[in-house]
Amino acid sequence: MIDNEQVQEIFLVLEDKLDKTVSVLQEEFATVRAGRANPHILDKIQVEAYGGTSPLNQLGNISAADARCLVISPWDKSLLKAIEKAILSSNIGLTPSNDGNVIRLVFPELTEERRKDLVKQVKRMGEDAKVAARNIRREAMDAIKKMKNNKELSEDESKASEQDVEKKIAACVEQIDKVASAKEKELLTI
């Protein structure tokens, strides 16, 4: 890597954005329902409570009773109906059962067709992450070209920097592929 402060800054930003791209992809994969009870599927659900909206995971305890059932124990029992309504309107494909104290979410067995649909969804998410990585590469390459055009970098330094960017992008794409194939394998495992 070139010993130039501006180039090092470009690489710090590049690495940070690539790390975020992979971590966002992993968070998105955590919300994909794989037939097993996974509390992360509820992470994005907002509940109308106390005159505003709050994330479901801040209104109670969410635990896995077994491999196929989540139990939501709200700290305030008066929120049971609001939580139930939020889950129904969230379009996660689960029907809550409310017994007056807790809400249970039973995960049905996934059909082969549903598994294939989820694998397609995972592949699409992986491709979106790769597009994001390519956009990050373009930003870094543009910054390096600008420095070269402004005579802040020599021809050799800019070529070396561009090759380093390509290596980082290739490593990120490889990591995205690895994460996506692990999720696909998880979805296809019965």
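Heads up: these notes are all about the structure in this document. (Residues numbered from 1 in each chain as written. Predicted model: local features only at pLDDT ≥ 70, side-chain atom pairs only at ≥ 80, totals over all residues. Heavy atoms only, no water.)

### Structural notes on the overall build of the chain
Of the regular secondary structure elements, the chain holds four helices and six strands. From first element to last, N terminus to C terminus, the chain shows the α and β order α-β-β-β-β-α-β-β-α-α. In terms of its C-alpha atoms, the chain occupies a principal-axis envelope of roughly 70 × 40 × 20 Å. Counting all 190 residues of the chain, 39% fall into the buried class. Sequence separation of 24 or more characterises 63% of the internal contacts of the chain that already satisfy a separation of 6 or more. When the accessible surface of the chain is summed, it comes to about 11100 Å², and 49% of that surface belongs to carbon and sulfur atoms. Averaging the locations of the 30 positively and 33 negatively charged side chains of the chain gives two centres separated by 6 Å. (Helix = DSSP H or I, 4+ residues; strand = E, 2+ residues; numbered from the N terminus. Buried < 20%, exposed > 50% of the residue type's maximum accessible area, 1.4 Å probe, protein only. Contact = heavy atoms within 4.5 Å. Areas by Shrake-Rupley, 256 points an atom, 1.4 Å probe, with all protein chains shown as cover. Lys, Arg positive; Asp, Glu negative; His and termini not counted. Charge placed at Lys NZ, Arg CZ, Asp CG, Glu CD.)

### A closer look at the nonpolar core
Ranked by internal contacts, the top residues of the largest apolar core, which has 30 residues, are Leu14, Leu18, Leu25, Phe29 and Val165. When contributions to this core are tallied by element, the ones reaching two or more residues are helix H1 (5–30), helix H3 (112–149) and helix H4 (155–188). Counting residues per element, this core draws most heavily on H3, at eleven residues. In this structure Phe29 touches Val122, Met125, Gly126, Val179, Ala180 and Lys183, once residues within four positions along its chain are discounted. Listed in part, the 21 residues of the second largest apolar core include Leu42, Leu70, Leu79 and Leu80. (Core = buried A, V, L, I, M, F, W, Y, C linked by side-chain atoms within 4.5 Å.)

### Section: the sheet that holds strand E3 (residues 60–66)
The four strands are arranged E3-E4-E6-E5 in an open sheet whose pairing can be described as antiparallel. The sheet is open, and its two edges are formed by E3 and strand E5 (96–98), each paired on a single side. Each neighbouring strand pair of the sheet contributes to a mean axis angle of 25°, computed without reference to strand direction. Relative to E5, helix H2 (residues 80–89) is tilted by about 165°, and along the sheet it contacts strand E4 (69–74), E5 and strand E6 (103–106). (Pairing = 2+ DSSP bridges. Axes fitted to C-alpha atoms, helices over the stretch in contact; angles between N-to-C directions.)

### Side note on unusual backbone geometry
Backbone geometry places Tyr50, a non-glycine residue, at a positive phi of 55°. Of note, Tyr50 is situated in the loop between strand E1 (46–49) and strand E2 (52–55). Despite not being glycine, Lys151 shows a phi value in the positive range, around 65°. Mapped onto the secondary structure, Lys151 falls in the loop between H3 and H4.

### Some thoughts on the packing of H3 against H4
Look at H3 against H4: their axes get within 10 Å of each other, and the N-to-C directions meet at 170°. When the interaxial angle is binned, H3 and H4 end up roughly antiparallel. (Parallel < 35°, antiparallel > 145°, perpendicular 65-115°, else oblique.)

### Digging into the environment of Arg114
With respect to the helices and strands, the residue Arg114 is situated in helix H3. Taking C-alpha positions, Arg114 is 32 Å from Asn101, a pair spaced 13 residues apart along the chain.

This is a description of form; function is not addressed.
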